[in-house]
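Listed below, chain by chain, are the residues.
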Amino acid sequence: MNTHMENKKAFSVFALVGILLFVFASAALAFFFFILYKYVPPLPVKDMAYMDATLPVETRITSLLSSMTLEEKVGQMALVSKDSIVRMGDVTHYGIGAVLSNAGAKPAENTQEGWSTMVSDFTDASKASRLGVPLLYGVDAIHGHGNLPGATIFPHAIGLGATADAELVEKVAKATAEEVAATGVNWSFSPNLDEPKDIRWGRVYEAFSDDPKLVASLGAAYVKGTQSVLKMGSGSSTYPAVLSTPKHFVGAGSMIWDSSSNKKYRIDQGKTPVNEKFLNEAYLPPFAGAIDAGAQSVMVGLNSWGIRKLSASKHLITEVLKGELGFNGFVVSDWYGVYEIPGGKYIAAVSAIDSGIDMVMLPFDYKSFIRNVVFAVRVGNIKESRIDDAVRRILRAKFALGLFDQVNTASSSLQIGSNEHRQLAREAVSRSLVLLKNEEDVLPIRKSVTSIRVAGSAADNVGEQSGAWTVEWQGIDGNWLPGATSILQGIKTRAGTNADVQYEKDGNFSANGQKADIGIAIVGESPYAEGWGDRENPILYKEDLQAILNLQATCEKVIVVIVSGRPLLVSNEVSSWDGLIEAWLPGSEGQGVADALFGDVPFTGKLPVPWPASTQQLPIGQDGATADGSALLFARDFGLTTR
Ligand code: BGC
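Describing the overall build of the protein
- Within the protein, the regular secondary structure consists of 18 helices and 19 strands.
- Over its C-alpha trace the protein gives a radius of gyration of 28 Å, about what one expects of a compact globule, namely 26 Å for 643 residues.
- When the backbone C-alpha atoms are referred to their principal axes, the protein occupies close to 100 × 80 × 50 Å.
- Classification of the 643 residues of the protein by burial places 60% in the buried group.

Written out as structure tokens, the structure reads:
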């Protein structure tokens with residue numbers, strides 16, 4: 001018994017001493033690293049030639065690469081969501097290559113000043129790194145600088161597709177880039193070059209069209225417009241203020257229904273069937289056009305090519321994009337896309353980088369990414385020459401933007417939501433409208449019309465007419481965007497004293513006695529982004545169908561205006577409507593709809609995608625044929641015109 005007690009005591013003393021020793025040793029080690037970090041000077045920079053703006057860019061890149069440690073190189077390959085940066089000091093310490101505000105990731109104060117301060121804080125932190133490599137700051141300015149209230153919200157891409165006007169698209173892209181540059185942001189994840197074949201997909205509206213020729217022409221115009229906003233560098237040199245990123249490479253839009261790798265989605269992030277003929281004839285030409293137009297970065301999609309995630313396709317990224325298309329900019333992966341590659345985070349990163357991904361939109365844990373990739377190079381799982389190639393491509397874009405040669409401050413001479421930009425957006429809205437039915441020339445609304453009744457979920461809702469990627473990822477509800485006009489407001493302003501305009505969202509005017517001359521039902525879809533918008537049966541909501549019926553009961557004629565991200569299935573109802581207009585997602589300038597309704601500008605838009613009659617017709621083939629061989633409701637390019 002005694003011996004047992006003594007043993008126990010001896011053990012406790014031993015354990016205590018052990019713990020104390022461990023604590024002291026850890027403290028000593030921490031102190032040692034603290035001193036090392038604080039007082040040991042950083043590695044000397046071998047060669048400062050990269051800062052010499054008179055040297056050729058490739059020479060400057062070689063100079064910079066020669067001074068970089070492996071850790072610093074891998075840091076350049078990290079694209080991190082701004083909300084995932086643990087401490088600002090990490091941007092400096094790890095030499096983070098790029099930061100993004102995904103949709104909804106806004107500064108504490110969501111104003112032009114708030115953005116400028118936030119971006120310059122990140123930029124300053126990157127410039128404080130040993131080699132002072134400035135970072136890229138990216139946003140999804142896919143229909144204007146959508147994260148920022150007060151910015152001009154242009155029609156989503158499908159509406160621009162309906163205008164089929166490359167000159168107009170170039171102007172829209174330029175105006176968008178001016179608003180982006182006005183907040184110091186230097187990178188936009190646009191244009192979208194997807195070619196949607198299935199209206200059940202929640203991203204149809206992000207694309208211009210399913211026609212490769214139209215996508216190629218508008219995509220190239222968009223890249224040009226974005227990169228045509230110039231900033232002054234040192235001396236008299238100028239550089240594009242905003243880098244454009246065509247996405248999503250490649251075949252996004254041709255995924256098969258119910259093939260998504262994301263359990264919550266139905267088609268978004270799904271599988272695109274392997275088809276080299278479609279690849280060459282349909283999916284690649286828009287990317288080739290965008291590269292010709294000067295794109296310096298391309299984003300790889302979250303879809304799969306067959307069963308292989310795009311981010312793991314060496315064939316498509318290295319052989320086709322960088323090889324056959326001769327792309328010498330950098331390839332960035334999409335949100336968490338690299339980690340969708342099976343095998344765990346280490347294998348996924350190795351496989352993506354080996355396949356040709358140059359920058360990884362992590363977007364979260366940069367520390368473990370840098371650790372893993374550095375380790376992978378050290379043990380020979382990734383060749384250092386691959387890392388050098390990736391970083392060279394990233395630096396090439398940074399040099400092209402003049403990031404090393406200029407003071408990277410927001411350009412305060414550029415305005416957010418200026419009159420000029422709003423006028424342009426208004427023009428784009430009226431040009432994007434597609435007139436699909438016009439019985440007895442009900443449109444444009446005649447001067448003799450003196451009473452108008454308006455109804456529907458999208459009539460008085462700027463949030464709904466702007467769609468997703470507006471302030472929040474999934475969009476907003478209501479009329480609170482500064483400077484914006486709802487479609488109803490536009491109609492009221494234009495009608496002025498010539499016609500009495502009444503509004504009831506549900507169309508219930510029965511108490512008001514006499515029939516009105518015209519009813520306008522402005523119906524549509526609530527905002528959605530990505531897989532959240534995958535809909536098995538995209539039809540009108542029952543409240544909107546009822547609103548149309550209510551208007552029909554109390555108006556002589558009824559025009560239906562659909563505000564939606566895609567064609568909706570309306571075969572059962574369309575025959576009873578006098579007029580039908582597809583307005584897509586017009587954005588902040590609702591007045592543009594009124595301009596065409598009242599004949600101030602003609603209807604000229606054409607359908608950029610085929611309009612199916614039923615889900616049995618989906619997906620629509622590359623040749624425009626329906627899956628079941630039956631006739632479409634409206635073919636691509638259809639659209640009535642007025643004078
Ligand atoms: C989308 C991309 C977008 C990225 C960053 C992803 O979910 O697929 O189109 O650029 O998020 O916001």
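A look at the packing of helix α11 (residues 345–355) against helix α12 (residues 366–378)
- It is the contact of α11 with α12, at a shortest axis distance of 10 Å, that shows an interaxial angle of 65°. For α11 against α12, the interelement crossing comes out right-handed. For the pair formed by α11 and α12, the contact residues are Tyr346, Ala349, Val350 and Ile353 on the first element and Phe369, Asn372, Val373, Phe375 and Ala376 on the second.

Digging into the site of the ligand
- Every residue close to the ligand is listed here: Leu100, Asn102, Asp140, Phe189, Arg203, Lys247, His248, Met299, Asp334, Trp335, Met361 and Glu530.
- Lys247 places a polar side-chain atom, nitrogen or oxygen, 2.9 Å from an oxygen atom of the ligand.
- In the model, an oxygen atom of the ligand is placed 2.7 Å from a nitrogen or oxygen of the His248 side chain.
- In the shell around the ligand, the residues fall into 5 nonpolar, 2 polar and 5 charged.

Here's the deal with the packing of helix α2 (residues 57–67) against helix α13 (residues 384–400)
- Running from amino to carboxyl end, α2 crosses α13 at an angle of 130°, the nearest separation of the two axes being 10 Å. On the basis of their axis angle, the class for α2 and α13 is oblique. Crossing geometry of α2 relative to α13 is assigned as right-handed. On α13, the residues that touch Val57, Glu58, Arg60, Ile61, Thr62, Leu64 and Leu65 of α2 are Asp388, Val391, Arg392, Leu395, Arg396 and Phe399.

Quick word on the packing of aromatic side chains
- One pass over the structure, following the stated rule, counts 17 aromatic pairs.
- Relative to Tyr366, the ring of Tyr94 lies with its centre 5.9 Å away and its plane at 70°, an arrangement referred to as edge-to-face. Of this pair, Tyr94 sits in helix α4 (residues 88–94) while Tyr366 sits in helix α12, and the two are 272 residues apart along the sequence.
- Among the residues examined, Tyr94 registers a relative accessible area of 22% and is labelled partly exposed.
- Judged by relative accessible area, which is 1%, Tyr366 ranks as buried.
- Taken together, the aromatic side chains of Trp335, Tyr336, Tyr339 and Phe364 make up a single cluster linked through ring pairs.
- Sitting above the plane of the Trp469 ring, Lys247 keeps its charged end 5.9 Å from the centroid.
- When the ring centre of Tyr339 is taken as reference, the NZ or CZ atom of Lys345 above it lies at 4.8 Å.

What to know about the environment of Phe287
- Relative to the helices and strands, Phe287 is located in helix α9 (residues 276–292).
- Separated by 197 residues in the primary sequence, Phe287 and Ala484 have C-alpha atoms spaced 34 Å apart.
- Apart from residues no more than four positions distant in its own chain, Phe287 is found in contact with Leu193, Pro246, Lys247, His248, Phe249, Val250, Val298 and Leu325.

Describing a nonpolar patch on the surface
- A cluster of nonpolar side chains, Val13, Val17 and Leu21, forms an exposed patch at the surface whose accessible area comes to about 280 Å².
- Since its relative accessible area comes to 44%, Val17 is described here as partly exposed.

Rules of the game
- Residues numbered from 1 in each chain as written.
- Predicted model: local features only at pLDDT ≥ 70, side-chain atom pairs only at ≥ 80, totals over all residues.
- Heavy atoms only, no water.
- Helix = DSSP H or I, 4+ residues; strand = E, 2+ residues; numbered from the N terminus.
- Rg over C-alpha atoms; globule rule 2.2 N^0.38 Å.
- Buried < 20%, exposed > 50% of the residue type's maximum accessible area, 1.4 Å probe, protein only.
- Axes fitted to C-alpha atoms, helices over the stretch in contact; angles between N-to-C directions.
- Left-handed = near helix turned anticlockwise from the far one by under 90°.
- Contact = heavy atoms within 4.5 Å.
- Near = heavy atom within 4 Å.
- Polar contact = N/O pair within 3.5 Å; in protein donor to acceptor, adjacent residues only side chain to side chain.
- Nonpolar A, V, L, I, M, F, W, Y, C, P; charged D, E, K, R; others polar.
- Parallel < 35°, antiparallel > 145°, perpendicular 65-115°, else oblique.
- Phe/Tyr/Trp six-rings, centres within 6.5 Å; stacked < 30°, edge-to-face > 60°.
- Lys NZ or Arg CZ within 6 Å of the ring centre and 35° of its normal.
- Patch = residues over 30% accessible without salt bridge, like charges linked within 9 Å, V, L, I, M, F, W, Y side chains within 5 Å.
- Areas by Shrake-Rupley, 256 points an atom, 1.4 Å probe, with all protein chains shown as cover.
- Salt bridge = Lys/Arg side-chain N within 4 Å of Asp/Glu carboxyl O.

All quantities given are derived from atomic positions and should not be read as evidence of function.
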